[in-house]
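Observations on the three-dimensional arrangement
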Amino acid sequence: MSTDFDVVIIGSGPAGVSAAFPLVEAGLRVLMLDGGKQASAPRPAENFIQERATQDDQWQWMVGEHFHPLQMRDALSPKLRVPGHAHVFDGFREGNRIDTDRFVALGSLAPGGLSNAWGCGVARLTGAELDDYPCDPDELASSYQRVARRIGISGPASDELSDYFALDGWGQREIPLDTIHAAMQRKYLARRDGLAAEGFRMGRFRLAALSEDRGERLGCNQSGNCLFGCERRSLYSATEDLLLLKRFDNFHHAELVVEDLEQQGQGWLVRGTQPRDGSPGAFRAGQVYLAAGTIASTRLALNALQLAAPVRMLSCPTAAFILWLPTFLGAHRTNAFGSAQLAFVQKLREDVTALGSTFSTTGLPMSEFARHLPLRRRYAVDFLRALMSSCVVGNMFLPGHLSDNQAMLTPDGSLRITGGHHGDVADLLKLAASRLRRAYARLGAFMLPTSFTPGPPGGDIHYAGSLPMRSQPVRGQTDADGQLHGLSGLYVVDGASLPSLSEKSHTLTIMANADRIANAAVRRMQRQPIQRVFHD
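Treat the numbers as computed from the prediction; the structure is a model and nothing was measured. (Residues numbered from 1 in each chain as written. Predicted model: local features only at pLDDT ≥ 70, side-chain atom pairs only at ≥ 80, totals over all residues. Heavy atoms only, no water.)

1. A look at the packing of aromatic side chains
For the structure on display, the rule yields 15 aromatic pairs. On the basis of an interplanar angle of 90° and a centroid distance of 6.1 Å, the ring pair of Phe344 and Tyr440 is categorised as edge-to-face. Here Phe344 is found in strand β11 (residues 342-349), whereas its partner Tyr440 is found in helix α14 (residues 425-441), with 96 residues between them in sequence. On the accessibility criterion, Phe344 (0% relative accessible area) is buried. Members of the aromatic cluster, joined through ring pairs, are Tyr188, Phe200, Phe321, Phe344, Tyr440 and Phe452. Above the ring of Tyr164, the side-chain terminus of Lys504 is found at 4.5 Å from the ring centroid. (Phe/Tyr/Trp six-rings, centres within 6.5 Å; stacked < 30°, edge-to-face > 60°. Helix = DSSP H or I, 4+ residues; strand = E, 2+ residues; numbered from the N terminus. Buried < 20%, exposed > 50% of the residue type's maximum accessible area, 1.4 Å probe, protein only. Lys NZ or Arg CZ within 6 Å of the ring centre and 35° of its normal.)

2. Observations regarding empty space enclosed by the protein
With a probe scaled to a water molecule rolled over the atoms, the places where space remains empty come into view. Scanning the entire structure with this criterion turns up two cavities of 30 Å³ or more. In this model, the largest cavity occupies a volume close to 70 Å³. Lining the largest cavity we find 13 residues, and of these Cys220, Asn221, Ser223, Cys226 and Cys230 sit closest to its centre. The residue inventory of the lining of the largest cavity, partitioned by class, reads five nonpolar, seven polar and one charged. (1 Å grid on protein atoms, 1.4 Å probe; cavity = no way out; pocket = protein on both sides within 12 Å on 5 of 7 lines; lining within 4 Å. Points joined across faces, edges and corners; volume = space filled by probe spheres on them. Nonpolar A, V, L, I, M, F, W, Y, C, P; charged D, E, K, R; others polar.)

3. Quick look at the side chain of Arg206
Position of Arg206 relative to the elements: it lies in the loop between β4 (200-204) and α10 (238-245). Within polar-contact distance, the side chain of Arg206 engages the side chain of Asp159 at 3.1 Å. At 2.9 Å, the side chain of Arg206 forms a polar contact with the side chain of Asp168. (Polar contact = N/O pair within 3.5 Å; in protein donor to acceptor, adjacent residues only side chain to side chain.)

4. A closer look at the pairing of strand β10 (residues 318-324)
Within β10, five of the seven residues are buried, which leaves it mostly tucked inside the rest of the structure. Sheet topology places β10 next to strand β13 (residues 391-397); seven bridges connect them, and they run antiparallel. Directly across from Ala319, in β13, lies its bridge partner Met396. Sheet analysis places β10 next to strand β17 (residues 453-454), joined by two bridges and oriented antiparallel. Residue pairing in the sheet places Ala320 in a bridge with Thr453 of β17. Pairing analysis gives two bridges linking β10 to strand β16 (residues 446-447), with the strands arranged antiparallel. Within β16, the residue paired with Leu323 across the bridge is Met447. (Pairing = 2+ DSSP bridges.)

5. Concerning the side chain of Thr318
Position of Thr318 among the secondary structure elements: in strand β10. When its relative accessible area of 9% is taken as the criterion, Thr318 is described as buried. At 2.8 Å, the side chain of Thr318 and the backbone oxygen of Met396 are in polar contact. Beyond its immediate chain neighbours, meaning those up to four positions away, Thr318 contacts Met396, Phe397, Thr453, Pro454, Gly455 and Asp460. (Contact = heavy atoms within 4.5 Å.)

6. Examining the environment of Asp136
For Asp136, the position within the fold is in the loop between β3 (98-101) and α7 (137-151). Take Asp136: its relative accessible area is 37%, and that puts it in the partly exposed class. Sequence spacing of Asp136 and Arg516 is 380 residues, and the spatial spacing of their C-alpha atoms is 9.6 Å. One polar contact links the side chain of Asp136 to the main-chain amide nitrogen of Asp138, over a distance of 2.9 Å.

Read these as spatial facts, not as claims about activity.
Structural data, given as structure tokens:
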């Protein structure tokens, strides 16, 4: 099968849909491809606490027909063990021929990509953080605004982190904090001068989640179901944008696991496998936009370049921990927003800032925590049953320049990723744990012994920088418009083209950059219309 399109976008995640809107609205014929993986596990219909207490068939979304959580016991993130998210990650490594050594490689073949399972944290990069970007900062600022307004964000507040997140002019009101986080916030406000002097600041986490109804998406009702699937669609997923794009006559969507790209004349041939029957498939277009996620896009780009030299891949070192607030011991578990509530920023070194957040334990299975305690499982469960309603859980990210990962194309066309952290990461994590322990103790929250757990390289799912934008790119890099050096008409619009990776949640920056690249392409095409080089 062959079809003629102006642009083929590989990947329907946040980068792909953000690039698609400007192209489709300009009247171009756009085809978007993804691997077509669909969810099979149900999600809770009522709130988490109610369903856990009363629903007879809760095993279907807690364990699943194929015992998914038991097969993913080594995964640090709970996202990887939820049956409703199994399809998000299923088949990615095999479909994209990814091989790893000391690196957790995660990606998606599902419509909407990794946004089906992300934490919805959003942030905007500051001028200093954009120093490595070879593009016009004003163009990126306009794209941040367009994307933020499209997806819907919440959490603006005149707090310590307003400047850090820099999104408050475009958001809905904040989603209410649960009782424990509200108490921590009050204590922080009373002690903030002393904590700020120690490099610790706290504020609301800014989120791609609605607090108020907007069209077919409804505001958060604090059901605690964030991890298992929001029945109100309050949490943003790129599938929301995919639904909007499908309303355009010049937009098309198809399933194909892309194998390789071949430049033919002034256009491109995209080849792959039909996921439903394994038969070969191919599409032709004047331009190709890589939005398959950093890892998959890197393999396709290096394969198109036939570049076997290793490239650097950035990822954020991460850690997780549990806090106990004794004043809440014996409290009943109540409904709460299940994603990040309060954020903290911690200055560890002149070039290293940590960003973290804390979550309600409502909406998380107890097994998540029992397996990390130095107790036999039965006693760990009993211990946590008494303790969980007085706990919150936290995570923390360090900047990506502290990673030491390499990706390399192998002779058989696979991508091999070797993971590692810089030598000072272990000491930085110890320093962060020590300072967090002291800071939270002043807020009446105590870190449970042994609960501070560093993640393995890549386990954070924050990947970037393997095909970085440069003002004067060389082979294996992209120019300011995302075009891969040496291959005309092949653009990289996902995290692979970001030249740097801060500790901040980077999905909004990926989306804004994809929007910027596509808008720049539209302006070029309006000056010199794209050649339609193929004909049916």
